[in-house]
Amino acid sequence: GESVGLHLPTLSVQEGDNSIINCAYSNSASDYFIWYKQESGKGPQFIIDIRSNMDKRQGQRVTVLLNKTVKHLSLQIAATQPGDSAVYFCAENIGGNQAGTALIFGKGTTLSVSS
Amino acid sequence: DTAVSQTPKYLVTQMGNDKSIKCEQNLGHDTMYWYKQDSKKFLKIMFSYNNKELIINETVPNRFSPKSPDKAHLNLHINSLELGDSAVYFCASSQAGGYNEQFFGPGTRLTVL
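It should be emphasised that the depicted structure is a prediction, and the values quoted were computed from it without experimental measurement.

## Some remarks on the packing of aromatic side chains
Here is step 1: What the rule picks out here adds up to twelve aromatic pairs over all chains.
Here is step 2: Their ring planes at 85° and their centres at 6.1 Å tell us that F89 of chain A and F105 of chain A sit as a pair that is edge-to-face. Within this pair, whereas F89 of chain A is found in strand β9 (residues 86-93), its partner F105 of chain A is found in strand β10 (residues 104-105), the two being separated by 16 residues in sequence.
Here is step 3: An angle of 35° between the planes, with centres 6.3 Å apart, marks the rings of F64 of chain B and Y89 of chain B as tilted. Here the residue F64 of chain B occupies a position in strand β7 (residues 64-70), and Y89 of chain B occupies one in strand β9 (residues 87-94), the gap between them amounting to 25 residues.
Here is step 4: For the cation-ring pair, R51 of chain A lies above Y99 of chain B, with the distance from its terminal atom to the ring centre recorded as 3.6 Å.

Below, the structure written as structure tokens:
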């Protein structure tokens, strides 16, 4: 079964607000985590990743935080824009660096941004 | 210059039929995958291939048979389609190694009537 889940299925924010999407994982062996964005009718698109030897990583307007103690992952989106509206998935890799290792996806959070 | 492409985008068919979905990547990746996304948006791995060799077969019915004629292609053939096979199927590819980004195709929406 799934080992990665999200706390909230939906999140509604106003344009310009900061958004925080949370994810809990259950497999202590997971050492690589990824956030994907999926727009309607499209495939998942990579946003940002983090290895388990880090607790924070920043990209353009996005930050991923990893708390291994409580097995929690979060995605922060600064100054959320209407174009950020999508379903966001966290995913984990429990197979290390082996070729062909699959991602285990959580259920997804639908982010709705109103202007 | 689509990185990962799938055909067809939509597939509507009757129960019991056999159908195929094709996937091609032009990224020069060694590893390709098939994921299934159900009606609740849950994404689950089906297969992964590395250098044309099967790595993961995630308890998928043997009616599903992936075929990798070369590293750039991973096709999915489904026999005796059932209603429960209705879903969106995504192909993905990555460089070898689990710490590399997986690039997803646009998906194929399969509807079994």
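More follows now that the structure is in view.
## Some thoughts on the pattern of salt bridges
Here is step 1: Counted by the stated rule, this structure contains six salt bridges over all chains.
Here is step 2: We note a salt bridge from D49 of chain A to R57 of chain A, for which the minimum N-O separation is 2.2 Å.
Here is step 3: For D49 of chain A, a relative accessible area of 12% translates into the label buried.
Here is step 4: Taking relative accessible area as the criterion, R57 of chain A reaches 35% and is therefore assigned partly exposed.
Here is step 5: Residue R63 of chain B is joined to E82 of chain B by a salt bridge in which the shortest nitrogen-to-oxygen separation is 3.4 Å. Taken together, the residues R63 of chain B in the loop between β6 (53-57) and β7 and E82 of chain B in the loop between β8 (73-78) and β9 connect sequence positions 19 residues apart.
Here is step 6: Assessed through its relative accessible area of 14%, R63 of chain B is described here as buried.
Here is step 7: Connected via shared salt-bridge partners are R63, E82 and D85 of chain B.

## Topic: the interface of chain B and chain A
Here is step 1: On the chain A side, the residues contacting the 24 residues of chain B number 24 residues.
Here is step 2: Buried surface at the junction of chain B and chain A, summed over both partners, amounts to about 2,000 Å²; 58% is from carbon and sulfur atoms.
Here is step 3: It is F42, L43 and Y99 of chain B in chain B that bury the most area against chain A; as a group they hold 34% of the surface buried on that side.
Here is step 4: Here chain B is connected to chain A by zero salt bridges.
Here is step 5: Along the contact surface separating chain B from chain A lie twelve residue pairs in polar contact (both at pLDDT 80 or more).
Here is step 6: Mapped by element, the contributors of at least two residues to the side of chain B that touches chain A are β4 (31-37), β5 (43-50) and β6 of chain B.
Here is step 7: Among the residues making up the side of chain B that touches chain A, the classes are represented as twelve nonpolar, nine polar and three charged.

Conventions and cut-offs
Residues numbered from 1 in each chain as written. Chains lettered and ligands numbered in written order. Predicted model: local features only at pLDDT ≥ 70, side-chain atom pairs only at ≥ 80, totals over all residues. Heavy atoms only, no water. Phe/Tyr/Trp six-rings, centres within 6.5 Å; stacked < 30°, edge-to-face > 60°. Helix = DSSP H or I, 4+ residues; strand = E, 2+ residues; numbered from the N terminus. Lys NZ or Arg CZ within 6 Å of the ring centre and 35° of its normal. Salt bridge = Lys/Arg side-chain N within 4 Å of Asp/Glu carboxyl O. Buried < 20%, exposed > 50% of the residue type's maximum accessible area, 1.4 Å probe, protein only. Contact = heavy atoms within 4.5 Å. Buried area = accessible area lost by both parts, 1.4 Å probe. Polar contact = N/O pair within 3.5 Å; in protein donor to acceptor, adjacent residues only side chain to side chain. Nonpolar A, V, L, I, M, F, W, Y, C, P; charged D, E, K, R; others polar.

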